[in-house]
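Below are the chains, spelled out letter by letter.
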Amino acid sequence: MTPDALGEVIAIRDFSFPDENGRATSTSIFIGQPLPSPDSSDYQCKFLIEGIGDEQIQSARGFDSLQALQSALILAGAGLNHLNERAGRRLRWAGGVRGDLGFP
């Protein structure tokens, strides 16, 4: 899956993921622009976690574009925390302290 399928990407955060030998692998999250939902009066905000996990585009919804964006950040944070747990808490963000992925 590529970030192009998200539409316009409005935010990216990069993480490093050291393997058992200390070599860093790149992991990123891409947040798409919130847009009106094609099947309701709500908005949706797509996001993709790339480099770890199943790499499927996910969609969060909200009443308006801001709520859809907030929902995407919350769902993305939950997904990252889950993947980080499965990976032995080795995922790191350059802007945070150890254990902080910078998501709500």
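Now for a description of the structure that goes with this document. Note that the structure is predicted; figures quoted are calculated from it, not measured.

So, on to the pattern of salt bridges. Summed over the entire model, instances satisfying the criterion amount to two salt bridges. Residue aspartate 39 pairs with arginine 61 through a salt bridge whose shortest N-O separation is 3.3 Å. Here aspartate 39 is found in the loop between strand E3 (35-36) and strand E4 (43-50), whereas its partner arginine 61 is found in strand E5 (residues 58-62), with 22 residues between them in sequence. By relative accessible area, aspartate 39 is classed as exposed at 57%. Judged by relative accessible area, arginine 61 falls into the partly exposed class, the value being 40%. Taking the shortest distance from any N to any O, the salt bridge between arginine 89 and glutamate 85 comes out at 2.6 Å.

With that out of the way, let us pick up the packing of aromatic side chains. A full pass over the atoms with the stated rule returns zero aromatic pairs. Over the ring of tryptophan 93 we find arginine 13, and its NZ or CZ is 3.7 Å from the ring centre.

We now examine the nonpolar core. Phe15, Ile29 and Leu80 are the most contacted members of the largest nonpolar core, which totals 18 residues. Broken down by secondary-structure element, the contributors of at least two residues to this core are strand E1 (9-18), strand E2 (24-32), E4 and helix H1 (65-86). Of all the elements, H1 adds the most residues to this core, at five residues.

One non-glycine residue, glutamate 55, lies in positive phi territory at about 55°. In this structure, glutamate 55 sits in the loop between E4 and E5. Residue classification places glutamate 55 among the partly exposed positions, given a relative accessible area of 24%. The phi torsion at arginine 89 lies on the positive side, around 60°, for a residue other than glycine. The topology assignment puts arginine 89 in the loop between H1 and strand E6 (92-93). Overall, the relative accessible area of 30% leaves arginine 89 in the partly exposed class.

To continue, consider the side chain of serine 28. Structurally, the position occupied by serine 28 is in strand E2. Classification of serine 28 as buried rests on a relative accessible area of 7%. At 2.6 Å, the side chain of serine 28 forms a polar contact with the side chain of aspartate 14. When neighbours within four sequence positions are excluded, serine 28 is seen to be in contact with Arg13, Asp14, Leu48, Ile49 and Glu50.

Conventions used here
Within any chain, residue numbers begin from 1 and follow the written order of that chain's sequence. At least 70 in pLDDT is required for a residue's local features to be given in this predicted model, at least 80 for side-chain atom pairs to be given and counted, and no such filter applies to totals for whole chains, interfaces and linings, which use all residues. Remark: hydrogens and water are excluded; side-chain values derive from all non-hydrogen atoms of the structure. When a carboxyl oxygen of Asp or Glu is within 4 Å of a side-chain nitrogen of Lys or Arg, the pair counts as a salt bridge. Each helix is a run of DSSP H or I of at least 4 residues and each strand a run of E of at least 2, with the numbering of both proceeding from the N terminus. Burial classes follow relative accessibility: with a 1.4 Å probe on protein chains only, a residue under 20% of its type's maximum area counts as buried, one over 50% as exposed, and anything between as partly exposed. For Phe, Tyr and Trp, rings pair up if their centres lie within 6.5 Å, where Trp contributes its six-membered ring, and each pair is then called stacked (planes under 30 degrees apart), edge-to-face (over 60) or tilted (otherwise). Comment: the charge-over-ring label is applied if NZ (Lys) or CZ (Arg) is within 6 Å of the ring centre and within 35 degrees of the ring normal. To form a nonpolar core, buried Ala, Val, Leu, Ile, Met, Phe, Trp, Tyr and Cys residues must be joined to one another through side-chain atoms within 4.5 Å. In protein, a polar contact requires one atom able to donate a hydrogen and another able to accept it; more generally it is a pair of N or O atoms within 3.5 Å, and residues adjacent in sequence count only if both atoms are side-chain atoms. Here, residues are in contact when the closest pair of their heavy atoms is within 4.5 Å.

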